[in-house]
Amino acid sequence: MRVVSADPGRFESARRRPVGRIGGCVGPIGAGPREALIAALGANASVLEGGQPGQFVADFDACWLGARHVASAEAFATRLNAKGLREIDGAFALAWFDADRGLCLARDPVGERSLFYALTPHGYAFASTVRALLATGLVPRTIDPVGVAQYLACAYVPGERTLVEGISAVMPGEIVRLTTTGVTRTPYWSPPAETQMLPVSQAEHLRADLRQKIETAVRRRLPAGEVAGCSLSGGLDSSLVVAVARHVSKAPLKTFSISFGDKYPNELAWSTLVAEHCGTDHTILEITPQAVVHHMDDVAACFDRPVGDPLSVPNGLLFREVTEHVGVLLNGEGGDPCFGGPKNLPMVLAELYGDAKNAPGDPFARERTYLRAHERAYDDIGAFLTADARERIANDVLERELAPLFADTRWGTFVNKLMMMNLVLKAGHHILPKVDALSGSFGVRGRSPLLDRQVVENAFTIPPQLKLYGAVEKYLLKAAVEDLLPRPILDRPKSGMGVPVESWFYGPLRSYARERLLEGLPQFGIFERAYLERLLSPKTTGLRERRGPKIWLLITLEAWLRRVLTAPASTT
């Protein structure tokens, strides 16, 4: 075991992914915008242009067709349709011209790769990143207040919107067709409906099948002929991925954990226990508030849509360390949305007992409670934004966009409906894009075996009683791997890795927070300065509020707006 410090410094790597990003357009966009698009996509990029039927480009990783590993993009050539895409497991984003010269875009079912598009004066353009579309200079750099409101509520931007008016996201498991007559969106995959759920009496079959699916997902994501890495927080999900990786392969395995120093709570006792149990080469990365401040802008610039998760900067610094050792890093993301983690509890309690913050008879009561359950700034949005911005988000626009998910009759049981929404929204628009953006910035291939399509489909056949069994969360998941992990890891309650933002913003980062919020945010014209000043005021009434996460949310947003939205455009 080694302990290293994440000192402020460079935020780049010479390592490159073997398959790069993709982009392109329907018609000619000019030499300047084209060159800017390619430069923004980065090394090994593929560009689609010309409009010839059958032309395609692909960004993909760890893909399989049945039992056959996809070694080149040519394997996608005969599967550029809904049926063909359902046969592919792994991470991919594809673009192609169909027989009628329509531009088609598609993402993998769960959302491991991203894709965005916009209508420009020259026709439709698309790219793996929002930054690449903006770099062309063909898309106006105009803030979408609805996207901002979604971010303030959730700490990420769910759905098709971005923070830039005119740029839309392709949804996971969807084909988007772009023509001169408009946009057609066609889902080709969705999580299995509740009718496919198996009875509790088949618990042993479900346990054995889940174990087999997880082993296959991990095995397929371990790199052939090179050392692999795993992030290891000490929680159940990352620990089981490490344990399964050790079980299915005896190749050397490196693990990586994060610490914020001895004065703050940490999970090092648990992660060290697992590392020793599995015999890994373990590294602990110690992160200081000074390193976080130094690299806040660097991390914000990695994202296509801002991510207000306080772990984002520590995760970015972790990938900076990882790239010096391995090119593939497995993680435990997906355990909560797929197997019934504790974050559903506020919604379940509100469903049973009501949410006192909702008015009686409110037609959007569930939607409001869902947004409020993120524990970010949903109830403060009206105070955050100026009158003009508030007018743009009037008529319950955030709640109306969630309503079809709550109304979907394929998931009648409330817990299963929440699980579907957490997979579609949180996994596909927060967890996986964050992993892809940060790992890709350092040429690392971040891989999430618990969000493998077949693991996800298996999870949706498990009845709720085997996810929350009495007081035991993730009951069947634990049963599937109990022979591989130390008993204390299985029995401990989930605590999560907390970033000490509350202490930082009332201590070493206070002046930084004031600068970013009071000097940075107001210049974008949609934020109320008076509210920002109250948020930063040391004076409180009654119990001290948890304002650290809200401050982090806004600092991250300011950095993204400054580094991504308002960065210099290409010369057209």
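For the structure itself, consult the block above.
Residues numbered from 1 in each chain as written. Predicted model: local features only at pLDDT ≥ 70, side-chain atom pairs only at ≥ 80, totals over all residues. Heavy atoms only, no water.

Colleague: Can you help me understand the overall build of the protein chain in this one?
Modeller: For the protein chain, the helix and strand inventory stands at 23 helices and 19 strands. A compact globule built from 572 residues should have a C-alpha radius of gyration of about 25 Å, and the protein chain, at 23 Å, falls within 12% of that. Expressed as lengths along the three principal axes of its C-alpha atoms, the size of the protein chain is roughly 65 × 60 × 55 Å. Across the 572 residues that make up the protein chain, the buried fraction comes to 60%. Contacts in the protein chain between residues at least 24 apart in sequence constitute 74% of all its contacts with a sequence separation of at least 6. Accessible surface, the protein chain: about 22400 Å² in total, of which carbon and sulfur atoms supply 52%. (Helix = DSSP H or I, 4+ residues; strand = E, 2+ residues; numbered from the N terminus. Rg over C-alpha atoms; globule rule 2.2 N^0.38 Å. Buried < 20%, exposed > 50% of the residue type's maximum accessible area, 1.4 Å probe, protein only. Contact = heavy atoms within 4.5 Å. Areas by Shrake-Rupley, 256 points an atom, 1.4 Å probe, with all protein chains shown as cover.)

Colleague: Help me understand the sheet that holds strand S9 (residues 123–127) in this model?
Modeller: One key point about sheets: their strands pair by backbone hydrogen bonds, in either a parallel or an antiparallel sense. Taking strand neighbours across the sheet as the criterion, the five strands line up as S3-S2-S9-S8-S10 in an open arrangement whose pairing is mixed. The sheet is open, and its two edges are formed by strand S3 (46–48) and strand S10 (167–169), each paired on a single side. Geometrically, the sheet is characterised by an average inter-axis angle of 20° between neighbouring strands, direction not taken into account. The pairing of strand S8 (residues 116–120) with S10 spans three bridges and is classified as antiparallel. Across the sheet, the residue bridging to Ala118 is Ile167, located in S10. Along the sheet face, helix H1 (residues 31–41) touches strand S2 (22–25), S3 and S9 and points at about 165° away from the line of S2. (Pairing = 2+ DSSP bridges. Axes fitted to C-alpha atoms, helices over the stretch in contact; angles between N-to-C directions.)

Colleague: What's the story with helix H8 (residues 289–300) in this structure? I'm lost.
Modeller: With twelve residues, H8 extends 16 Å between its outermost C-alpha atoms, agreeing within 8% with the 16 Å of an ideal straight helix rising 1.5 Å per residue. Looking only at H8, the buried set comprises Pro289, Ala291, Val292, His295, Met296, Asp297, Val299 and Ala300. Those residues of H8 that are buried lie in contact with helix H9 (312–322), helix H16 (414–440), helix H20 (501–505), helix H21 (510–520) and helix H23 (548–565). (Expected span 1.5 Å × (residues − 1).)

Colleague: Sorry, what's going on with the side chain of Ser259 here?
Modeller: On the secondary structure map, Ser259 appears in strand S14 (residues 253–259). On the accessibility criterion, Ser259 (1% relative accessible area) is buried. Once residues within four sequence positions are removed from consideration, Ser259 is found in contact with Leu268, Ile284, Leu285, Glu286 and Ile287.

Colleague: Honestly, the nonpolar core in this entry has me stumped. Any pointers?
Modeller: One recurring pattern in soluble globular proteins is that nonpolar side chains are buried together. Of all hydrophobic cores here, the largest spans 170 residues; its most connected members are Phe76, Leu152, Phe527 and Leu561. A per-element tally of this core places H16 first, with twelve residues. When neighbours within four sequence positions are excluded, Leu561 is seen to be in contact with Ile143, Leu163, Leu521, Phe524, Phe527 and Thr566. Grouped together as the second largest cluster of nonpolar side chains are 15 residues, Ile22, Val57, Phe126 and Val170 included. (Core = buried A, V, L, I, M, F, W, Y, C linked by side-chain atoms within 4.5 Å.)

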